[in-house]
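# Observations on the three-dimensional arrangement
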Amino acid sequence: MGTTRELVAGMALGHVGSSASIADLATERSPEADQCRKFLTPAILATLESFDWPEATSYVTLALVEETPNGDWDFSYRYPSGMVKVRRIVTELGRLDPNPPPFRVGLDAQGLLVYTNEAEVVVECTADISARLSIFPALLVDAVSWKLAEYIAPALSRVKGIMDVVKGGYLMSLDRARVKAAQEQQQEREPEADHIRARD
């Protein structure tokens, strides 16, 4: 059985010093359930945005909206649906590209845009996996529980200094996730300098 909303809520309540338990987050009516229900999704989204979680990585080809949309950029693309963060534009040199193409997120009447000077853009993103809690890795669950604790602490906790405790727990959880992410990837060769590639 994977992670449940009730498990994350229970972890968050424990972080703020509450002994309350929640059997069914969707139906239970208690101050603890109300707060956890209100803030669980925002806590997940904020945690996904705060770190490039490998488990939420997705690659998307952007849909062109307009050429020369303004004086700053050559192209505008529709922001990819179902994503919470555009990390970078993919290039032939990959993640170690020393000069990745610049981009900026903007807005039009239909929604979010990605402005860039690149044509036929593929981006690396962080996907919104908030509805798939059961597949969350342990460190993501831990980080979300600390972020949820940060959101519910003002209403539910009377522990002195609790905000410092839960914020510290969240940052420590992210640090552990960074270490794990660095260990679980193939190390890439540094890209060759431009003058070396030019000789090939």
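Our subject is the structure listed above.
These remarks concern the structure in this document. (Residues numbered from 1 in each chain as written. Predicted model: local features only at pLDDT ≥ 70, side-chain atom pairs only at ≥ 80, totals over all residues. Heavy atoms only, no water.)

Together, Val105, Leu107 and Leu112 line one region of the surface with nonpolar side chains, adding up to about 280 Å² of accessible area. Relative to the elements of secondary structure, valine 105 occurs in strand β5 (residues 103-108). (Patch = residues over 30% accessible without salt bridge, like charges linked within 9 Å, V, L, I, M, F, W, Y side chains within 5 Å. Areas by Shrake-Rupley, 256 points an atom, 1.4 Å probe, with all protein chains shown as cover. Salt bridge = Lys/Arg side-chain N within 4 Å of Asp/Glu carboxyl O. Helix = DSSP H or I, 4+ residues; strand = E, 2+ residues; numbered from the N terminus.)

The 4 strands are arranged β2-β3-β6-β5 in an open sheet whose pairing can be described as antiparallel. A single partner strand is all that each edge strand has here, and the edge strands are β2 (63-67) and β5. Direction aside, the axes of adjacent strands within the sheet are offset by 35 degrees on average. Pairing of strand β3 (residues 75-78) with strand β6 (residues 111-116) involves 4 bridges; the strand directions are antiparallel. Paired with serine 76 across the strands is tyrosine 115, a residue of β6. (Pairing = 2+ DSSP bridges. Axes fitted to C-alpha atoms, helices over the stretch in contact; angles between N-to-C directions.)

We now examine the packing of helix α1 (residues 5-15) against helix α2 (residues 31-50). Axis separation between α1 and α2 bottoms out at 10 Å; the angle between their running directions is 110 degrees. The angle between the axes of α1 and α2 places the two elements in the roughly perpendicular class. Like other packed secondary-structure pairs, α1 and α2 cross with a definite hand, here right-handed. Residues Arg5, Val8, Ala9 and Leu13 of α1 pack against Glu32, Cys36, Arg37 and Leu40 of α2. Residues of the contact of α1 with α2, tallied by class, amount to 5 nonpolar, no polar and 3 charged. (Parallel < 35°, antiparallel > 145°, perpendicular 65-115°, else oblique. Left-handed = near helix turned anticlockwise from the far one by under 90°. Contact = heavy atoms within 4.5 Å. Nonpolar A, V, L, I, M, F, W, Y, C, P; charged D, E, K, R; others polar.)

Another aspect to go through is α1. For α1, the complete set of buried residues consists of Val8, Ala9, Ala12, Leu13 and His15. Down the axis of α1, the sector holding all buried residues measures 155 degrees, keeping them to one side. The secondary structure elements touched by the buried residues of α1 are α2, α3 (138-156) and α4 (162-183). In the segment just after α1, glycine 17 is the residue with positive phi, at about 85 degrees. (Buried < 20%, exposed > 50% of the residue type's maximum accessible area, 1.4 Å probe, protein only. Arc of directions from axis to C-beta.)

Quick look at the pairing of strand β4 (residues 83-89) now. Burial of β4 is extensive: 6 of the 7 residues sit out of reach of the surface. Bridge count between β4 and strand β7 (residues 122-127): 5 bridges; the pairing is antiparallel. Bridged to lysine 85 within β7 is threonine 126.

On to the packing of aromatic side chains, then. Under the counting rule described, the total for this entry stands at 3 aromatic pairs. Judged by centre distance (4.9 Å) and plane angle (85 degrees), the ring pair of phenylalanine 51 and tryptophan 53 falls under edge-to-face. Taken as a pair, phenylalanine 51 and tryptophan 53 share a single burial class, namely buried. Between the aromatic rings of phenylalanine 75 and tyrosine 77, the centroid separation amounts to 6.1 Å while the plane-to-plane angle is 35 degrees, which identifies the pairing as tilted. (Phe/Tyr/Trp six-rings, centres within 6.5 Å; stacked < 30°, edge-to-face > 60°.)

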